[in-house]
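Residue strings, one per chain:
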Amino acid sequence: MKKFAVVGNPIAHSRSPEIHVAFARQTHIDLSYDRILAPLDGFASTIKDFFAQGGDGLNITVPFKEEAFALCNVLTERAKAARAVNTLWMQDGQLHGDNTDGAGLVNAMTALTWPLNPSRILILGAGGATRGVVLPLANAGATEIVIANRTFARAESLVEDLSAFIKNTKLHVTALDQLAGHFDLVINATSASLSGEGIALPEILTFNYAYEMAYGKPSSFIDQAKQRAVPTADGLGMLIGQAAEAFFVWNGVNPDLTNFSL
Ligand code: ATR
């Protein structure tokens, strides 16, 4: 039996085990998938122990994705661009790291038949969540990506870091209080909705689709998009999409996401 787990702090709420167990049932792969709570100062030893005991792969969640990135010997291009890792495995004694979050978002939007190629995308937020999705969105056909953040300098440094990876997509920064213009898609990658605070979307900002990366929480972003009769989706599809991509990395089999639900 193959052995997988998700590591985070907190971890009790994680839905990854039920997703991976459903994929395993669907693809007839014999595996276990646990939740591991790592102490905030004990992440490195937690993952070392897991692989020493014959574990096959780990997903990494908040707050350890950057630490996981720093521990890897081998990284995929999209993990390097994200500077964060959510999928780990050992190969020839080397710790390998990938980031499947952005591909998960692209998979989710493709399943929704939202057009990405070509597209003009506005992303709200410049934290880890944004960092993980810019390169996959560019590779999926975005012609222009604008990043708006409360702390402007943070958006500027994110764009500076990512521009080395982005070839055919224009990447810009704008201030969060100066949102304007028309976009095919707006993505809320801030943690504002998690804290119950909202970002006001002005009338001079218009868009065709709205994606909220958080899930399972009330979102003023989704409420505002619905008031404009714009199609919306929350981050559950992205969670399932990133899991499917990690499942493929570890097992070489793509789960069928058609009609997949939790
Ligand atoms: P994550 O890994 O989820 O991206 P993060 O790195 O802490 O988490 O980033 C959180 C993002 O949400 C940041 O872009 C943050 O803006 P700042 O860089 O200005 O801190 C944004 N954010 C959080 N609360 C917000 C709020 N109330 N209004 C606007 N932006 C908010």
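Residues numbered from 1 in each chain as written. Predicted model: local features only at pLDDT ≥ 70, side-chain atom pairs only at ≥ 80, totals over all residues. Heavy atoms only, no water.

Quick look at the overall build of the chain
Now for step 1: Of regular secondary structure, the chain possesses nine helices and 12 strands.
Now for step 2: In terms of overall dimensions, the chain is globule-like: its C-alpha atoms have a radius of gyration of 18 Å, near the 18 Å expected for 262 residues.
Now for step 3: Each principal axis of the C-alpha atoms in the chain carries an extent, and together these give about 55 × 40 × 35 Å.
Now for step 4: The 262 residues of the chain split such that 52% are buried.
Now for step 5: Expressed as a percentage of contacts within the chain between residues at least 6 apart in sequence, the contacts between residues at least 24 apart total 64%.
Now for step 6: Just so you have it, the chain exposes about 12,200 Å², and 51% of that area is on carbon and sulfur atoms.
Now for step 7: Looking at charge distribution, the chain has the averaged site of its 19 positive side-chain charges lying 1 Å from that of its 25 negative ones. (Helix = DSSP H or I, 4+ residues; strand = E, 2+ residues; numbered from the N terminus. Rg over C-alpha atoms; globule rule 2.2 N^0.38 Å. Buried < 20%, exposed > 50% of the residue type's maximum accessible area, 1.4 Å probe, protein only. Contact = heavy atoms within 4.5 Å. Areas by Shrake-Rupley, 256 points an atom, 1.4 Å probe, with all protein chains shown as cover. Lys, Arg positive; Asp, Glu negative; His and termini not counted. Charge placed at Lys NZ, Arg CZ, Asp CG, Glu CD.)

Description of unusual backbone geometry
Now for step 1: A cis amide bond links N9 with the next residue in sequence, P10, at an omega value of 5 degrees.
Now for step 2: With respect to the helices and strands, the residue P10 is situated in the loop between β1 (2–8) and α1 (16–27).
Now for step 3: Phi is positive for D92, close to 50 degrees, though the residue is something other than glycine.
Now for step 4: Along the chain, D92 falls in the loop between β5 (87–91) and β6 (94–98).

Some remarks on the pattern of salt bridges
Now for step 1: Applying the stated criterion to the full structure yields six salt bridges.
Now for step 2: Put simply, K65 and D101 hold a salt bridge, and the shortest N to O gap is 2.9 Å. Of the two residues, K65 sits in helix α3 (residues 65–71) while D101 sits in helix α5 (residues 101–111), which places them 36 residues apart along the sequence.
Now for step 3: Given a relative accessible area of 12%, D101 falls into the buried group. (Salt bridge = Lys/Arg side-chain N within 4 Å of Asp/Glu carboxyl O.)

Points about helix α6 (residues 128–139)
Now for step 1: The element α6 is extensively covered by neighbouring structure, given that nine of its 12 residues are classed as buried.
Now for step 2: Buried residues of α6: T130, R131, G132, V133, V134, L135, P136, L137 and A138, and no others.
Now for step 3: At the C-terminal side of α6, G141 shows a positive phi close to 120 degrees.

Re the site of the ligand
Now for step 1: With respect to spatial proximity, 15 residues lie near the ligand, and among them A129, N149, T151, R154 and E197 are the closest.
Now for step 2: Here an oxygen atom of the ligand sits 2.6 Å away from a polar atom, N or O, in the side chain of N149.
Now for step 3: In this structure, an oxygen atom belonging to the ligand sits 2.8 Å away from a side-chain N or O atom of R154.
Now for step 4: In the complex, the protein chains occlude 74% of the 650 Å² of accessible area that the ligand would expose alone.
Now for step 5: With respect to the detected pockets, the ligand is housed in the largest pocket.
Now for step 6: A class-by-class count of the residues in the shell around the ligand yields five nonpolar, seven polar and three charged. (Near = heavy atom within 4 Å. Polar contact = N/O pair within 3.5 Å; in protein donor to acceptor, adjacent residues only side chain to side chain. 1 Å grid on protein atoms, 1.4 Å probe; cavity = no way out; pocket = protein on both sides within 12 Å on 5 of 7 lines; lining within 4 Å. Sits in = over half its atoms within 2 Å of the grid points. Nonpolar A, V, L, I, M, F, W, Y, C, P; charged D, E, K, R; others polar.)

Regarding the domain arrangement of the chain
Now for step 1: As far as domains go, the chain holds domain 1 (2–101 + 238–251) and domain 2 (115–230).
Now for step 2: At the interface, 12 residues of domain 1 touch 11 residues of domain 2.
Now for step 3: At the boundary of domain 1 with domain 2, total buried surface from both sides reaches about 930 Å², with 69% on carbon and sulfur atoms.
Now for step 4: Inspection of the domain 1/domain 2 interface yields zero salt bridges. (Domains from an automatic or database assignment. Buried area = accessible area lost by both parts, 1.4 Å probe.)

Let's talk about the environment of K48
Now for step 1: Tracing the chain through its elements places K48 in helix α2 (residues 43–52).
Now for step 2: When the C-alpha atoms of K48 and L95 are compared, they prove to be 9.6 Å apart, with 47 residues separating the residues in sequence.

Section: the nonpolar core
Now for step 1: In terms of nonpolar packing, the biggest core is built from 32 residues, with I123, L137, I145, I187 and Y211 touching the most fellow members.
Now for step 2: Counting residues per element, the ones that place at least two in this core are α5, β7 (119–124), α6, β8 (142–149), α7 (152–162) and β10 (181–188).
Now for step 3: A per-element tally of this core places α6 first, with five residues.
Now for step 4: Those residues in contact with I145, other than ones at most four positions away along the chain, are I121, I123, V134, L137, A138, T169, K170, L171 and H172.
Now for step 5: Among the nonpolar cores identified, the runner-up in size contains 19 residues, and V6, Y33, A246 and F260 belong to it. (Core = buried A, V, L, I, M, F, W, Y, C linked by side-chain atoms within 4.5 Å.)

Considering the sheet that holds β10
Now for step 1: Pairing is parallel across the open sheet formed by six strands, whose spatial order is β9-β8-β7-β10-β11-β12. Of all strands in the sheet, those bounded by a partner on one side alone are β9 (170–175) and β12 (232–233).
Now for step 2: In the packing of helix α8 (residues 220–227) onto the sheet, contacts are made with β7, β10, β11 (205–212) and β12, and the angle to β11 comes to roughly 135 degrees. (Pairing = 2+ DSSP bridges. Axes fitted to C-alpha atoms, helices over the stretch in contact; angles between N-to-C directions.)

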